[in-house]
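# Per-entry structural report
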Amino acid sequence: MGGYHKLEAQIVQELKDIANKLRVHAITSTQSSNSGHPTSCSSIAEILSVLFFNTMRYKVLEPRDPSSDRFVLSKGHAAPILYAAWAEAGLFPVSDLQKLRRLESDLEGHPTPRLNFIDVGTGSLGQGLAIAAGMAFVGKNYDKANYRVYCLVGDGESAEGSIWESIHFASYYKLDNLCAIFDINRLGQSEPTSLQHNVEVYQKRLEAFGWQSIVIDGHNIEEIVKAFHVASTTSDKPTALIAKTLKGKNFPKIEDVENWHGKPLGDQASIVLQHLEGMIKNKGPLKIQPRKPLKDDVSPVNISNIKLSSPPSYKLGEAIATRQAYGTALAKIAENNSRVIALDGDMKNSTYSEKIKKIDSTRFIECFIAEQNLVGVAIGAACRDRTVAFVSTFATFLTRAFDQIRMGAISQTNVNFVGSHCGVSIGEDGPSQMGLEDLAMFRAIPGSTVFYPADAVACERAVEMAANTKGICFIRTNRPATKVVYENDHTFAIGKANILKKSSKDSVLIIGAGVTVQEALKAAEELEMSGVNVRVMDPFTVKPIDKDAIIKHAKEVGGRIVTVEDHYPQGGLGEAVLSAVAEERDIIVKKLAIPTVPRSGPPSALLDYYGISAKHIVAAAQEITKF
């Protein structure tokens with residue numbers, strides 16, 4: 001084991017003392033809040049002691065310094081001991097730990113980036129390893145830096161399939177700068193885990209996935225230190241430490257006992273605290289100090305003011321799919337900024353994300369058919385503002401990663417999502433491939449921006465804007481080719497609708513998006529021939545919706561609105577419009593949407609069969625004019 005030097009006995013004892021001090025803090029803080037997980041904290045006390053006071057390199061006063069090692073606590077319910085480690089390291093007063101879980105405190109029940117030492121929110125289990133893999137991928141392939149990434153995974157959450165998606169990803173990309181620590185403490189929330197302390201099974205599974213896997217006593221300081229050293233000197237594969245631990249370690253009558261999950265110690269606290277205090281030999285301030293970064297070897301990057309390398313270049317009336325325009329725009333912004341990256345789930349030749357490979361093949365990350373890991377890796381890649389990440393796949397497949405997207409919002413991520421093949425307009429592939437819930441899903445995400453470009457010009461500008469917009473962005477793209485309706489120099493803005501057809505005689509406002517803009521324009525022509533004039537609006541963004549423009553134009557046409565969307569009625573464009581006019585008098589909205597689970601068929605036939613084609617828009621406009 002080249003380069004490894006056995007720790008002096010004094011340092012080993014100090015690290016043991018730190019571990020027990022962290023246990024003390026976990027108990028007192030959860031007692032103060034009368035809630036929390038002190039036993040889950042206790043099982044990882046030695047691991048965090050070694051990580052924060054021997055192994056990891058970081059600047060205490062700059063927790064998100066780009067050159068520092070990263071740590072992700074995937075088992076987020078053990079947050080109190082993570083907070084305790086940072087407090088003991090000197091980032092904030094130890095006394096602040098007693099504010100755990102209070103409304104006025106950022107020391108929440110599970111970690112969130114409201115804290116300057118937390119990169120991502122965790123607590124919805126099974127997600128931390130994907131995020132850590134994204135960080136490690138960036139460190140190895142883009143930053144080309146020495147920082148390492150550590151992720152602590154609970155044995156309960158290792159039952160999640162998403163964990164194994166991430167294990168495969170990390171091995172496939174040989175992320176030797178990634179170290180996962182599996183806390184095998186045997187006990188879940190309601191009963192023992194399925195494998196309990198069968199650490200050999202964990203080891204064999206991880207080795208089968210191509211990881212270096214080291215079984216250790218998770219409470220033995222020297223074994224932990226040595227294992228981290230081995231991990232740091234291993235090439236071409238990630239390392240997993242399989243740490244056999246005990247829940248409630250060093251808690252008399254509680255250690256390794258069921259039914260103590262998620263409970264403060266209550267009237268047992270004083271007995272346990274007295275026992276722990278008796279185990280601490282160094283009662284004074286810490287002698288061990290956290291280490292500084294390995295090296296300030298991460299160059300600053302600029303991911304602001306990202307622009308298309310050339311403006312859109314299309315002809316009015318030209319038919320082109322917005323999914324194709326997405327690929328073109330992605331390549332254009334990648335050409336202008338070296339930190340734009342694309343991630344996909346084996347759909348790159350359908351989403352057109354593969355176009356970025358013509359600019360720089362290294363900036364395309366194939367995540368294969370593992371959407372939960374795909375989203376988690378992107379969130380990790382975007383941490384500390386190291387990349388501008390675009391995630392693409394069929395819109396419907398993003399639904400299986402909704403929890404990761406939801407947690408991305410809690411993590412304050414700036415990841416951009418692109419969902420293609422939305423609605424019945426994809427045609428013969430049938431309902432399993434049709435994104436019909438995606439607008440509702442992304443509209444429900446706090447702080448999200450939802451683009452629904454009507455043509456190729458709008459789509460290119462949506463990509464450019466998304467790259468510069470904080471929070472989660474979603475761009476909905478179509479499979480079929482649609483006609484270009486905007487001039488190349490048209491100016492778009494988030495939250496600003498565009499009027500595509502207008503006259504002083506208009507009696508109805510028709511609001512469509514994507515393919516239904518095309519149908520609305522056809523319907524307007526038919527209605528005009530019968531003597532009925534209608535106004536056609538393209539919202540451009542469904543969130544934020546242009547409330548002022550909708551109300552203004554609705555009033556100008558007598559308060560009549562027809563919405564038409566290739567989406568289920570719940571949560572889509574129609575309901576966004578209804579929310580916008582909810583407090584207005586004398587405005588009526590007729591909503592056309594896909595009313596039921598659809599079936600296969602040609603796109604035009606499906607649009608007609610499910611009531612969102614030009615013919616049905618004409619009928620709806622004629623009906624609403626009677627009111």
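These figures come from a predicted structure and were not determined experimentally.

Analysis parameters
- Residues numbered from 1 in each chain as written.
- Predicted model: local features only at pLDDT ≥ 70, side-chain atom pairs only at ≥ 80, totals over all residues.
- Heavy atoms only, no water.
- UniProt positions renumbered as here; feature names shortened; annotations may be inferred.
- Helix = DSSP H or I, 4+ residues; strand = E, 2+ residues; numbered from the N terminus.
- Buried < 20%, exposed > 50% of the residue type's maximum accessible area, 1.4 Å probe, protein only.
- Arc of directions from axis to C-beta.
- Contact = heavy atoms within 4.5 Å.
- Pairing = 2+ DSSP bridges.
- Core = buried A, V, L, I, M, F, W, Y, C linked by side-chain atoms within 4.5 Å.
- Salt bridge = Lys/Arg side-chain N within 4 Å of Asp/Glu carboxyl O.

As a further point, take the UniProt feature "domain: Transketolase-like pyrimidine-binding" (unreviewed entry) in the protein. This chain's UniProt record puts "domain: Transketolase-like pyrimidine-binding" (unreviewed entry) on residues 320-484. Secondary structure over residues 320-484 splits into 35% helix and 18% strand, and the C-alpha atoms at its two ends are 7 Å apart.

Once that is clear, we can look at helix α9 (residues 269-279). Restricting attention to buried positions, one finds in α9 the residues A269, V272, L273 and L276. Around the axis of α9, the buried residues are gathered within 100° of arc, so they sit on the same side. Away from its buried face, by an angle of more than 90 degrees, α9 presents the exposed residues S270, Q274 and G278. Check the buried side of α9 and you find it contacts α1 (9-33).

What follows deals with the side chain of S613. Within the secondary structure layout, S613 lies in the loop between α19 (603-609) and α20 (614-624). Take S613: its relative accessible area is 6%, and that puts it in the buried class. With near-sequence residues (within four places) excluded, S613 lies in contact with E519, L607 and D608.

Sheet analysis places strand β4 (residues 212-217) next to strand β5 (residues 239-244), joined by six bridges and oriented parallel. The partner of I214 across the bridge, within β5, is L241.

The nonpolar side chains of soluble globular proteins are, as a tendency, buried together. Among the nonpolar cores identified, the biggest contains 83 residues, and L178, F182, L343, F417 and I561 are the most heavily contacted of them. Excluding anything up to four places from it in sequence, L343 contacts I365, C367, L374, V377, A378, A389, F390, V391 and S392. Formed by 63 residues, the second largest nonpolar core is a distinct cluster that contains Y314, V484, A520 and A524.

One pass over the structure, following the stated rule, counts 29 salt bridges. The partner of R186 in a salt bridge is D256, and the shortest N-O contact between them spans 2.9 Å. One end of the pair, R186, is in the loop between β3 (178-184) and α7 (199-208); the other, D256, is in the loop between β5 and α9, with 70 residues separating them in the sequence. Residue R186 is classed as buried on the basis of its relative accessible area, which comes to 14%. One salt bridge in this structure joins R406 and D403, with 2.8 Å as the shortest N-O distance.

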